[in-house]
Amino acid sequence: MEHAIRKHLKVHFEEDPALYQRLSEKLDSLIQKHKDDWDNLFSGLAGLRTEVEAGRKDGVEGLTARESPFYDRIGQIAYGGNIPADHANRIKELVRDTLALLHSTIGIIDFWSNGYEVDKLKGALSDLVLLTELDPIIATSELLVTEITALAKIRHQDILK
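The residue count restarts for each chain, going from 1 along the sequence in the order it is written. Where local features are concerned, this predicted model is filtered to residues with pLDDT of at least 70; where side-chain atom pairs are given and counted, the filter is 80 or more; whole-chain, interface and lining totals use all residues. Values shown for side chains rest on all heavy atoms present in the structure; no hydrogens or waters enter the calculation.

Draft legend 1. Fine view of the overall build of the chain. A run of DSSP states H or I qualifies as a helix once it reaches four residues; a run of E qualifies as a strand once it reaches two. Both are numbered from the N-terminal end. Within the chain, the secondary structure is distributed over nine helices and zero strands. Listing every helix and strand of the chain by position from the N terminus yields α-α-α-α-α-α-α-α-α. Oriented by its inertia axes, the alpha-carbon framework of the chain measures out at about 55 × 35 × 25 Å. Taking all 161 residues of the chain together, the buried fraction comes to 39%. For the chain, the exposed surface amounts to about 9,400 Å²; the carbon and sulfur share of it is 50%. By the counting scheme adopted, Arg and Lys are positive, Glu and Asp are negative, and His together with the chain ends is not counted. By convention, the charge on Lys lies at NZ, on Arg at CZ, on Asp at CG and on Glu at CD. Distance between charge centres in the chain, computed from 20 positive and 27 negative side chains, equals 4 Å. Note on classification: 1.4 Å probe, protein chains only; a residue is buried when its accessible area is under 20% of the maximum for its type, exposed when over 50%, partly exposed between these limits. Reported accessibility uses the Shrake-Rupley method at a 1.4 Å probe radius. Residues are deemed covered only where the shown protein chains occlude them.

Draft legend 2. Highlighting the packing of helix H4 (residues 68-79) against helix H8 (residues 141-154). Note on definitions: angles span 0 to 180 degrees between N-to-C directions of axes, and those axes are lines fitted to C-alpha atoms, for helices only across the stretch in contact. Relative to each other, H4 and H8 sit at 150°, their axes nearing to 10 Å. By the criterion of interaxial angle, the relationship of H4 to H8 is roughly antiparallel. In the crossing of H4 with H8, the sense of the turn from one axis to the other is right-handed. Where H4 abuts H8, its residues Pro69, Phe70, Arg73, Ile74 and Ile77 lie against Leu143, Leu144, Glu147, Ile148, Leu151 and Ala152. Side-chain classes are defined by residue name, with Ala, Val, Leu, Ile, Met, Phe, Trp, Tyr, Cys and Pro counting as nonpolar, Asp, Glu, Lys and Arg as charged, and the others, Gly among them, as polar. A class-by-class count of the residues in the contact of H4 with H8 yields nine nonpolar, no polar and two charged. By the definition adopted for this analysis, an angle is roughly parallel if under 35 degrees, roughly antiparallel if over 145, roughly perpendicular if from 65 to 115, and oblique otherwise. Handedness of each helix crossing follows the sense of rotation of the near helix against the far helix: counterclockwise by less than a right angle gives left-handed, clockwise gives right-handed. Residue contacts are defined here by distance: any two heavy atoms, one from each residue, within 4.5 Å place the two residues in contact.

Draft legend 3. View of unusual backbone geometry. Phi at aspartate 110 is positive, roughly 55°, even though this residue is not glycine. Along the polypeptide, aspartate 110 turns up in the loop between helix H5 (85-105) and helix H6 (115-131). Its identity as a non-glycine residue notwithstanding, glutamate 133 has a phi of 60°, on the positive side. With respect to the secondary-structure elements, glutamate 133 resides in the loop between H6 and helix H7 (135-139).

Structure, rendered in structure tokens:
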């Protein structure tokens, strides 16, 4: 069961890196905690398997399930996963603006093959990131733009819905 869970996490990691990283850490913790207790390990793995199969069901408070992977990824990169409460609303605004930009941009035929359009998108994303005026976001802006773009490419169909 552990190997099946790990494979699922690996295969789907790029779809929602923050979620699958968290689930992977949960798996490692579960194995470490119950390494000599097979009954509890099996029970824990069965519960985790259900959670992994379900994927992300709910969005972050105030965001949709479609927006939440972007919020979590930004938080993971800029804040190590712990977004301060006083920054949360500005990051949610960044996510909403980002999804609006992506929705209006990536619908072009063969968008991801068009280097000029992708570079234009990255420039616009960079502007959105810098406009947050949050130091941790600005300090990681280049990586954030790269990771947001990669996540948008993987979630292309979901964004256009």
